[in-house]
Amino acid sequence: MRHVGWIAGAAAAVLVAAGAITYAVAEDGGGSGTTTPSADSADAGFARDMAVHHQQAVEMSYIVRDRTKDVEVRRLAYDIAQTQANQRGMLLGWLDLWDLPKVSSDAPMTWMGMGDMASGKDGSLMPGMATNTEMKKLNTLSGKQAEIFYLQLMTDHHKGGIHMAEGCVEKCTVGVEKKLAQGMVDAQQSEIKLMADMLKERGAKARD
């Protein structure tokens with residue numbers, strides 16, 4: 001429990017700032033200067049892909065909250081679910097603001113030049129995402145087993161999310177979106193360290 005108190009505060013700060021960031025993107029002119037991002041831009045691609053990526057993290061977090069009574073894991077899962085659901089709403093809101101579609105015929109991560117890496121095998125649409133089989137397995141576990149598997153899945157998920165967010169930091173042009181992406185990198189790197197400690201406490205470690 002001692003590990004997650006600061007995450008609750010960080011999550012609350014993200015939620016409080018969300019409205020300001022959503023409105024600020026309009027002030028940002030949609031990009032560098034006054035040009036609204038195009039449908040095939042990094043800004044739009046990141047918003048679409050990260051919204052999908054985040055949705056799975058939210059689903060995993062709510063699953064584990066039903067599969068364990070451990071306060072530490074349940075609090076972490078709640079914080080991740082709330083933070084990523086809020087960020088997902090902002091990303092989809094920006095697509096609405098830019099009058100751009102929320103889906104694309106392009107493969108995920110095409111905006112990063114990595115469309116060929118997103119296999120979609122067994123529901124894992126992007127690097128770090130859990131497969132359909134893994135999601136079903138999480139639903140069958142309980143107690144310590146569920147905690148360990150969730151922490152392993154979420155560690156992988158965060159690693160994939162960090163890679164994508166770093167791509168936005170490099171390629172996106174909308175200032176507030178780049179800031180949000182950098183915030184994702186920083187927060188998820190910290191959570192990976194936290195989850196490593198939580199796995200160690202449970203006699204386990206992240207997957208190779």
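See above for the structure.
Since the structure is predicted, the reported quantities are computational estimates derived from the model, not experimental observations.

A. View of the packing of helix H2 (residues 42-67) against helix H4 (residues 132-140). Two numbers describe how H2 lies on H4: the axes approach to 9 Å, and their chain directions differ by 20 degrees. When the interaxial angle is binned, H2 and H4 end up roughly parallel. Across the interface between the two elements, Gln56, Glu59, Met60, Ile63 and Arg67 from H2 touch Met135, Leu138, Asn139 and Thr140 from H4. In terms of residue class, the contact of H2 with H4 is made up of four nonpolar, three polar and two charged.

B. Structural context of helix H3 (residues 71-97). Under the 1.5 Å per step criterion, the end-to-end length of H3 is 39 Å for 27 residues, consistent within 8% with the ideal 39 Å. For H3, the side-chain oxygen to backbone nitrogen distance between the N-cap and Glu72 is 3.1 Å, and the N-cap itself is Asp70. Positive backbone phi, approximately 60 degrees, marks Asp99, located one or two places after H3.

C. Examining H2 more closely. Given a rise of 1.5 Å per residue, 26 residues ought to cover 38 Å, and the 37 Å separating the end C-alpha atoms of H2 matches this to within 8%. For H2, the tally of buried residues reaches 19 of 26 residues, placing the bulk of the element in the interior.

Rules of the game
Residues numbered from 1 in each chain as written. Predicted model: local features only at pLDDT ≥ 70, side-chain atom pairs only at ≥ 80, totals over all residues. Heavy atoms only, no water. Axes fitted to C-alpha atoms, helices over the stretch in contact; angles between N-to-C directions. Helix = DSSP H or I, 4+ residues; strand = E, 2+ residues; numbered from the N terminus. Parallel < 35°, antiparallel > 145°, perpendicular 65-115°, else oblique. Contact = heavy atoms within 4.5 Å. Nonpolar A, V, L, I, M, F, W, Y, C, P; charged D, E, K, R; others polar. Expected span 1.5 Å × (residues − 1). Polar contact = N/O pair within 3.5 Å; in protein donor to acceptor, adjacent residues only side chain to side chain. Buried < 20%, exposed > 50% of the residue type's maximum accessible area, 1.4 Å probe, protein only.

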